[in-house]
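Tertiary structure, described
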Amino acid sequence: MEKDPSFLFSGIHFNKKKFSNDFAKFQEKKGSDTNESEELREDSSFIESGKSEEKERKLSVKKRKRKSVGSGETVQGFDVFKSSKSAGKSVDVNEDNDEAENGPSKKNKELNRQLELDSLSRKKYNIHVSGNNVATPLQNFDELSSRFGCEPYLLRNLKELGFKEPTPIQRQAIPILLSGRDCFACAPTGSGKTLAFACPMLMKLKHASTDGIRAVILCPTRELAAQTTRECKKLAKGKKFRIKLMTKQLVGKADLSKLPCDILISTPLRLRLAIRKKKINLCRVDYLVLDESDKLFELGMLKQIDSVVKACSNPSIIQSLFSATLPDSVEELARTRMHDAVRVIIGRKNTASELIKQKLVFAGSEEGKLLALHQSFAESLNPPILIFVQSKERAKELYGELAYDKIRVDVIHSDLSQLQRDNVVDDFRAGKTWILIATDVIARGVDFKGVNCVINYDFPDSYNAYIHRIGRTGRAGRTGEAITFYTEADLPFLRNIANSMKSSGCEVPSWIMALPKLKWKKHRPRRDSISTQSKD
Ligand SMILES: Nc1ncnc2c1ncn2[C@@H]1O[C@H](COP(=O)(O)OP(=O)(O)OP(=O)(O)O)[C@@H](O)[C@H]1O
């Protein structure tokens, strides 16, 4: 069932309790302002529409690179990132002029009115922002043109893709990035984050150029990088942008310094290889996106990310981080790498989409899981279905079991060649495969349209893995189902999943809610192999 994208993520509130210390700090600082609505202190530079906003944006881009002066206006009670006071300062200057002409009250009234409207709009779409002078959310895609001078080709492409209205993350992140600010965003799976960073990127690049690479998008897996490349190309249709995926072949090329490319999309490893061989020049990059940023900031990739960030040496670069999960540790790391960033959270941080009906099933044993799976297929097989297991060995085993049944099943894991992986994904996308067995290699970011059900055959190894795995269903306004099998070995972490279910409005038995909540990281118990063959 399709739903209007604005329906996504309703009824969710910012956790003020959790950030009570920060609120306290804020209250001390603001004194008499404390009764004001939190978001009424936001955007003060985007009150005028049309060209003036573009002018203001340019001004703000220039100013953001200067050393901070004065005191910044923070919203939602806490300083999230190193603050530059550019936009706040510019408002003061404008106010001086305006006061001379119209008196202080008229200007203030206009400003307050706009802030009120922004606040209402954010409330409506469950958008929570922190930072200085946050841009007014988009009301519709037409505003891309009226407020930011977007070229017709992009609006045409949005229309062709069937995107009638911006999703909440697009409403807020697009104007922030167009205003030249760094952005740090957390929005549920399937809520359109790709467009939220790709659209302003194309608008900022304006035209294809021979100046070298001007935008870089980093993705944690090659599948996701390939998908993002395709999405960017669709959006850029009708323009001559050179949008390139960093492939093995490309890394192997002798000289990448003259690569004709506007937007480069890569995994961190491949890009780092190219940098290390001194074959690629990233000093002109204006726009850097870290997609699935929490994965990129995990220990294994951190060094690679750092070398890419260092190579992107343009001081006026706009950096953005996007993910459906945003652990506090990643926020900390990002703080050291970003400048005057705006933090955007849609709904509640680190929760699953409300469109996913989540279920827990006690399977008892490994044999019980296989029985439960067969039973659920017998009751109702509603493909496409994605089944996640914890290792490639287990993926192969389960494939061996299901391949005997008369169902179209396939498997994807890291032992397959890149070409094989691409073919498996293509077949699943095209509906040739009904059931795809997978490891976490496709748990993040990969957008299969219309997956009806995700089955966690093996319990996920972390809370974030759970959110991303089940997020392969319930995308773009569609509903979906997620079933998680558990055995005794998984009991300690049941409560964590139950919490996610509760906060997304799913029913949870009270005995599960009474279980203790444990710290959950890399839970990969040794499991008996998946097989019925010996018994047959
Ligand atoms: N404004 C829109 N209206 C309708 N559909 C949209 C809109 N924007 C994006 N979509 C569609 O929503 C789907 C999910 O988008 P996308 O893959 O960008 O989600 P995501 O938030 O990045 O998810 P994940 O966290 O899993 O990576 C895609 O199929 C995309 O085409």
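Residues numbered from 1 in each chain as written. Predicted model: local features only at pLDDT ≥ 70, side-chain atom pairs only at ≥ 80, totals over all residues. Heavy atoms only, no water.

**A closer look at the UniProt feature "domain: DEAD-box RNA helicase Q" (unreviewed entry) in the protein**
- As recorded in UniProt, the feature "domain: DEAD-box RNA helicase Q" (unreviewed entry) lies at residues 143-171.
- Split by type, residues 143-171 is 66% helix and 0% strand. Its first and last C-alpha atoms lie 10 Å apart. (UniProt positions renumbered as here; feature names shortened; annotations may be inferred. Helix = DSSP H or I, 4+ residues; strand = E, 2+ residues; numbered from the N terminus.)

**A word on unusual backbone geometry**
- Cis geometry marks the peptide bond from P383 to P384; its omega dihedral reads 0 degrees.
- Looking at where P384 falls in the secondary structure, it is placed in the loop between α15 (366-379) and β10 (385-388).
- Positive phi outside glycine occurs at E292, with the angle close to 55 degrees.
- Summarising the element assignment, E292 is placed in the loop between β6 (287-291) and α12 (293-296).

**Regarding the sheet that holds strand β3 (residues 215-218)**
- One open sheet accounts for 8 strands, arranged β1-β8-β2-β7-β6-β3-β5-β4; its pairing is mixed. One side of each edge strand has no neighbouring strand; the edge strands of this open sheet are β1 (127-130) and β4 (243-245). Strand-to-strand twist in this sheet, taken as the mean axis angle between neighbours without regard to direction, amounts to 15 degrees.
- With respect to the sheet, helix α11 (residues 268-276) is in contact with β3 and β5 (263-266), its orientation differing from that of β5 by roughly 115 degrees. (Pairing = 2+ DSSP bridges. Axes fitted to C-alpha atoms, helices over the stretch in contact; angles between N-to-C directions. Contact = heavy atoms within 4.5 Å.)

**Considering the packing of aromatic side chains**
- This structure, assessed with the given rule, holds 4 aromatic pairs.
- Taking the centre distance of 5.9 Å and the plane angle of 65 degrees together, the rings of Y457 and F485 count as edge-to-face. Of this pair, Y457 sits in the loop between β13 (453-456) and α18 (463-470) while F485 sits in strand β14 (residues 480-487); the two residues are 28 residues apart in sequence, bridging distant segments of the chain.
- For Y457, a relative accessible area of 0% gives the class buried.
- Note on F485: relative accessible area 3%, which makes it buried.
- One cation-aromatic arrangement involves R171 over Y125; the distance from NZ or CZ to the ring centre is 3.8 Å. (Phe/Tyr/Trp six-rings, centres within 6.5 Å; stacked < 30°, edge-to-face > 60°. Buried < 20%, exposed > 50% of the residue type's maximum accessible area, 1.4 Å probe, protein only. Lys NZ or Arg CZ within 6 Å of the ring centre and 35° of its normal.)

**A few points about the packing of helix α6 (residues 152-160) against helix α8 (residues 193-205)**
- It is the contact of α6 with α8, at a shortest axis distance of 10 Å, that shows an interaxial angle of 155 degrees. In terms of their interaxial angle, α6 and α8 are classed as roughly antiparallel. The crossing of α6 and α8 is right-handed. Here Y153, L154 and L158 of α6 lie close against α8, whose contacting residues are L195, C199, L202 and M203.
- Residues of the contact of α6 with α8, tallied by class, amount to 7 nonpolar, no polar and no charged. (Parallel < 35°, antiparallel > 145°, perpendicular 65-115°, else oblique. Left-handed = near helix turned anticlockwise from the far one by under 90°. Nonpolar A, V, L, I, M, F, W, Y, C, P; charged D, E, K, R; others polar.)

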